[in-house]
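These are the residues of each chain, in order.
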Amino acid sequence: RDKEGYMVLDVDQTSYLDALVERFGLSDREKYSDRTTPLPAASSIHQLKQAMGDCSKPEFKAWMEEYSYPMIIGSLIHAMVHTRPDIGYAVSALSRAMANPEPWHYKAAQYLILYLRATREKGIHYDQGQMLRQMAKVTATTESKYNQHVDASVDASFADDEENYRSTSGFVIWFGGSPVIWECKRQPLVTMSTMESEYVAAS
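Numbers given for residues are sequential positions, taken from 1 along each chain in its written order. Reporting in this predicted model follows two pLDDT cut-offs: at least 70 for local features of residues, and 80 or more for side-chain atom pairs to be given and counted; totals over whole chains, interfaces and linings ignore these cut-offs and use all residues. By convention in this description, side-chain values take in all heavy atoms of the structure and omit both hydrogens and water.

## With respect to the overall build of the protein chain
Tallying secondary structure elements over the protein chain gives eight helices and five strands in all. In sequence order, the protein chain lays out its α and β elements as β-α-α-α-α-α-α-β-α-β-β-β-α. Structurally, the protein chain occupies a C-alpha span of about 60 × 45 × 25 Å along its principal axes. Between two residues, a contact is recorded if the distance between any of their heavy atoms is within 4.5 Å. Within the protein chain, residue pairs in contact and separated by at least 24 positions form 68% of the contacts whose partners lie at least 6 positions apart. For the accessible areas, the method is Shrake-Rupley and the probe is 1.4 Å, while residue cover comes only from the protein chains on display. By element, 54% of the accessible surface of the protein chain is carried by carbon and sulfur atoms, the whole surface being about 12000 Å². Positive charges are assigned to Lys and Arg, negative charges to Asp and Glu, while His and the chain termini are left out of the count. Where a charge sits is defined by one atom per residue type, namely NZ (Lys), CZ (Arg), CG (Asp) or CD (Glu). Once the 21 positive and 27 negative side-chain charges of the protein chain are each reduced to a mean point, those two points are 1 Å apart. Secondary structure elements follow DSSP: runs of H or I no shorter than four residues count as helices, runs of E no shorter than two count as strands, and numbering proceeds from the N terminus.

Here it is as structure tokens:
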């Protein structure tokens, strides 16, 4: 509880992430401890592939042969589902290659694991006092069947997969200022404009 007596809860997976880094042999990568994004900036899967650069170094090939790609992605999904909505897009993009990963997929997964290592203490903060203060600010009058304390943020990345031109949807639902549900996945159809992809994401 805080000084005012309200309940406060921080949820993170620091121990799990430490074990994840250890499991995939990346605990000695000190020079990558300042990663600030889950993946390099890219507006499409093709650009992401280019951003991964050279994947032919012997030590990287050895790492790739040692670890199972589905096991890596499954471990990342576990982190994303429980406490790390910030890696939703990265996990969505990388999980599409589960059956037939290329070397750059492994390199991007390695990049993401090192990001999680650098941000291991990030998680979700639930603050009862903050929730009540936000609820007090609500001025709109609605019928009682509607919940005034739930917010939703939604976005779409238009045609970011250049192989099939499908877009990616992402959303977060907040209760009293704290995230409670989130998801990021490829849309099931091809949209013809950014507006249409946003509409599909919102619907």
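There's more to say after this.
## Comments concerning the pairing of strand E5 (residues 178–186)
Strand pairing requires that DSSP identify at least two bridges connecting the strands. As defined by bridge partners, strand E4 (residues 168–175) adjoins E5 across eight bridges and the pair is classed as antiparallel. Residue pairing for E5: Phe 171 is matched across the bridge by Glu 183. Once E4 ends, the chain turns through two residues before running back antiparallel as E5, passing Gly 176 with a positive phi of about 60°.

## Description of a nonpolar patch on the surface
What makes a patch is a set of residues exposed beyond 30% relative accessible area and free of salt bridges, joined within 9 Å when like-charged and within 5 Å when nonpolar (Val, Leu, Ile, Met, Phe, Trp, Tyr). We count a salt bridge whenever a side-chain nitrogen from Lys or Arg sits within 4 Å of a carboxyl oxygen from Asp or Glu. A surface patch of nonpolar side chains, about 360 Å² in accessible area, is lined by Tyr 165, Val 190 and Met 192. Mapped onto the elements, Met 192 comes out in the loop between E5 and helix H8 (194–202).

## A word on the pattern of salt bridges
For the structure shown, the criterion picks out six salt bridges. One salt bridge in this structure joins Asp 18 and Arg 120, with 2.6 Å as the shortest N-O distance. Here Asp 18, found in helix H1 (residues 14–23), pairs with Arg 120, found in the loop between helix H6 (103–118) and strand E2 (123–127); they are 102 residues apart in sequence, far enough to count as distant. Overall, Arg 120 belongs to the partly exposed group, its relative accessible area being 27%. Residues Glu 121 and Arg 120 are paired through a salt bridge, measuring 3.5 Å at the closest nitrogen-oxygen approach. You can call Glu 121 exposed: its relative accessible area is 61%. One salt-bridge network, held together by shared partners, links Asp 18, Arg 120 and Glu 121. When a residue's accessible area, from a 1.4 Å probe over protein chains only, is under 20% of the maximum for its type it is buried; when over 50% it is exposed; and in between it is partly exposed.

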